[in-house]
Structure formats: C-alpha cells, structure tokens
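Structure at a glance
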Amino acid sequence: MIEFKGTYFDGRSSKAYAVSIQSDGQRIRIAGNADGLPLLFPLGKCRLTPPLGRTRRSILLPNGGRCDTADLRAFGKLESLKGDNRILRLVNFFESRWRLVVGCLAGLIACVWMFTAHGIPFAAKKVAYSLPPETMESVSERTLQALDDGFFKPSALSQKKADHLQNIFRQLIADVDSGFHYRLVLRSSPRAGPNAFALPSGIIVMTDELVKLAENDRELIAILVHETAHVENRHGLRMLFQNTGVFLLISVLAGDVASITSIAATLPTILVESGYSRQFEREADLAAGMILVGKGWGTRPLQTVLQRLSEKQPEFSGPAAMSTHPQTRKRISYLQDLEASLTR
Ligand SMILES: [Zn+2]
C-alpha cells in the first residue's frame, strides 16, 4: 500500500482540492475534503502521465477528473505497481540523474585509463622481472634467430675492428655487469641502417652501419651503455608484455607459461619496428648519461651520435631502438640538463 499527497481536479471546474491518494496496486482511492470524495477506481482504469523531467505527474481518472502530485518518488512506485511507462521511466531515471550518469561514465573512463596507463605496465614489469634466466635466454636466442633470418646479414667488419669492439664491450661490461650474460653480436643490416638492439638475456646487436657512423669509440660506448640499460631494466620484455596487455594478464593468472613464450615471438617486430616507449628511452639515457659522466666524458658522446643518427637515416622510417627522430632534440637537451645537474 502506498499513500501520498496530491491535488484533485474534478474535470468540471478549475478548483483544486488537496487530497490523499492511496493504492494497493489494484485500486486507487482519492480521499479529501470535497464533494464526491472519497473516490475509488480500479488502478487499471486510470492513466498515469509519462515522466517528463522533474515536472509534476498526473493520474487521469475514469470520471474525467485528475490528480496531480509533486511526490515523484511515490508516483514512481504507483507506476511500478501498475506496470506503466517502463522504458520512459528508465529514460527519465537517467535524465533526472544525468550527473550520476556522467559521473559513472567518467569513473569508467578513469578506470580504463588507470588500468591501461598503470595496471598493464605494472603487470608487465612484474612478469618481466619474474621470468627465469633460462626463459630469457631462449626468448633471446629465438629473437636473434628470427632477426638473422629476415633482417641481418653477417658483419663485414674486419677481424681487427671486430676484436677491438669486443674488447671495448668486455671492459664496459666489467663495470655494469649484474648477472646478465652479456654478449656483443655484430651484424650488417642495410634495412635497419645504423642501429643497435638489446635482447632480454644481454645479447646486444650492433650493426656495421652504426660502427661506421660513429666517429670514435666513446660514441659507440655511449650507445652500448644505453643498450645495457635497456637490458638491466628489462625494457624489451616490458614492451613486449605491455603490448600484449590484457592477454598477458589472462595468461599469467592462468599460470600459462607456454603462452608467454609464444607472446615472445613478436619481440623482433617490437625491437625493429615499434621501438621502446619514450619513458624507457629516457630511463636508458639517464643510466647511460650517469655512467658517461662518471667516466669523466660527459654526455656529449651520446648526444653527438644521437644527432648524427637522426641526420643520417631520414630514409629509414622504422623508429627502431636508436633512431626515434622527433625525440632526438628532446633527448639531447635532456642529456645536457642531466650533465649540468650531475656536475654542478
Ligand atoms: Zn634505446
């Protein structure tokens, strides 16, 4: 039983009477201080006006009279009892609570954004740091194989030059080594041009084209240090897992390690075509910059080689590891700022 207040018009005059309206869902009773009241009608014979924003609602009575009410909540209950205006009621619900609807939508968008911007990278990092060394080794070997099959040619550098580079790399690794099995792999790649790639287990591939582009050993060391930072921070795996997003989360939750290995099949594409995120490049530049400043060279070797990379390979469109053009200027000024803050 519901009961609420309203105003009764008898349909013959414009006189309004304050009334009390009651309904048990079957009948409706209008009681008040006027001639002819109380009135009793089957609820099914009455018509309830459809909702329109937050205006008053009316019950059109079979005797030609009408009851108005501002008690929208009670009126809604009456409608539910009668089963009227379901869709309009729903529309009205959202219409009259648009702030709630907008709020819910904004909340939903925020949740999706938070999940994409923070949840997925967080999960990707967790998984990247939890992979056992054997998995990283096999992922890296397979990636190198795939790159050799489709992308690299054997290095054409002289044995003397190659030995020299291996020597430089060994000295460098002695400083940064933290348990990864670092290995310098030299390849030629007209397609990738001057470039370097870091594979998860510590394999660093450097192209002959890059060796030729560098003007001195310091520039090559600068790039190698930058690449080791990608390894140390597991950037390759994190990019890989971030790109796999939700699929990765499902695999991990299901404890499906096999699918992690199959996801890794896309690592060559990520390394060669999409490259790292700006955040990862910045982290690698930071690590490299600190080491270079520590050696007393300043960040200049990395700046000059980055500059030359961006000038000399405009035809190479894939924004791979070392060659994200629009970022070059920003990266150089970041390195300058870093050096200034470290040597102040
Ligand atoms: Zn990089």
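Everything that follows concerns the structure shown earlier in this document.
Position numbers for residues count from 1 along each chain, tracking the sequence in the order it is written. For a predicted model such as this one, the threshold for reporting local features is a pLDDT of at least 70, and the threshold for listing and counting side-chain atom pairs is 80 or more; totals across whole chains, interfaces and linings nevertheless cover every residue. Side-chain measures here rest on the full set of heavy atoms in the structure, leaving out hydrogens and waters.

Now for the sheet that holds strand β4 (residues 39–42). At least two bridges found by DSSP between two strands is the condition for calling them paired. Helix and strand definitions here come from DSSP, where helices need a minimum of 4 consecutive H or I residues and strands a minimum of 2 consecutive E residues; each element is numbered from the N-terminal end. On the basis of which strands lie adjacent, the open sheet formed by 7 strands has the order β4-β3-β2-β1-β7-β6-β5 and antiparallel pairing. At either margin of the open sheet sits one strand with a lone partner, and together these are β4 and β5 (47–48). As defined by bridge partners, strand β2 (residues 16–23) adjoins strand β3 (residues 27–32) across 5 bridges and the pair is classed as antiparallel. The partner of Val19 across the bridge, within β3, is Gly32.

Another aspect to go through is the packing of aromatic side chains. Whether two aromatic rings pair depends on their centres lying within 6.5 Å, for rings of Phe, Tyr and Trp, where Trp uses its six-membered ring; planes under 30 degrees apart make the pair stacked, over 60 edge-to-face, and the rest tilted. Going through the model one piece at a time under the given rule, you end up with 5 aromatic pairs. The interplanar angle of 75° and the centroid separation of 6.4 Å between the aromatic rings of Phe169 and Tyr182 together place this pair among those described as edge-to-face. Within this pair, whereas Phe169 is found in helix α5 (residues 159–176), its partner Tyr182 is found in the loop between α5 and β9 (183–188), the two being separated by 13 residues in sequence. Neither Phe169 nor Tyr182 differs from the other in exposure class; each is buried. One aromatic cluster in this structure is built from Phe151, Phe152 and Phe197. Think of it in three bands: residues with accessible area under 20% of the maximum for their type are buried, residues over 50% are exposed, and the middle band is partly exposed, with areas taken using a 1.4 Å probe on protein chains only.

The subject of this paragraph is the side chain of Thr299. Its location among the elements puts Thr299 in the loop between α11 (278–294) and α12 (300–312). Its relative accessible area of 0% is what places Thr299 among the buried residues. N or O atoms closer than or at 3.5 Å make up a polar contact, with two conditions inside protein: a donor-capable atom paired with an acceptor-capable one, and, for residues adjacent in sequence, both atoms drawn from side chains. At 3.2 Å, the side chain of Thr299 and the backbone oxygen of Leu335 are in polar contact. There is a polar contact of 2.7 Å between the side chain of Thr299 and the side chain of Glu339. With residues near it in sequence (within four places) discarded, Thr299 still touches Gly289, Leu292, Val293, Leu335, Gln336 and Glu339. The contact criterion used is simple: two residues touch if any of their non-hydrogen atoms lie within 4.5 Å.

As a further point, take the coordination of the zinc ion. With water omitted from the atoms examined, metal sites may look incomplete; donors here are N, O and S atoms no farther than 2.8 Å from the metal, or 3.2 Å in the case of Na, K and Ca. The coordination sphere of the zinc ion contains the protein donors His226 (NE2), His230 (NE2) and Glu281 (OE), at a distance range of 2.0 to 2.2 Å. Every donor residue of the zinc ion comes from the same chain, spaced as H-x3-H-x50-E. Taken together, the residues His226 in helix α7 (residues 217–232) and Glu281 in helix α11 connect sequence positions 55 residues apart. Note on accessibility: His226 and Glu281 belong to one class, buried.

Everything listed here is a matter of geometry and, on its own, says nothing about what the molecule does.
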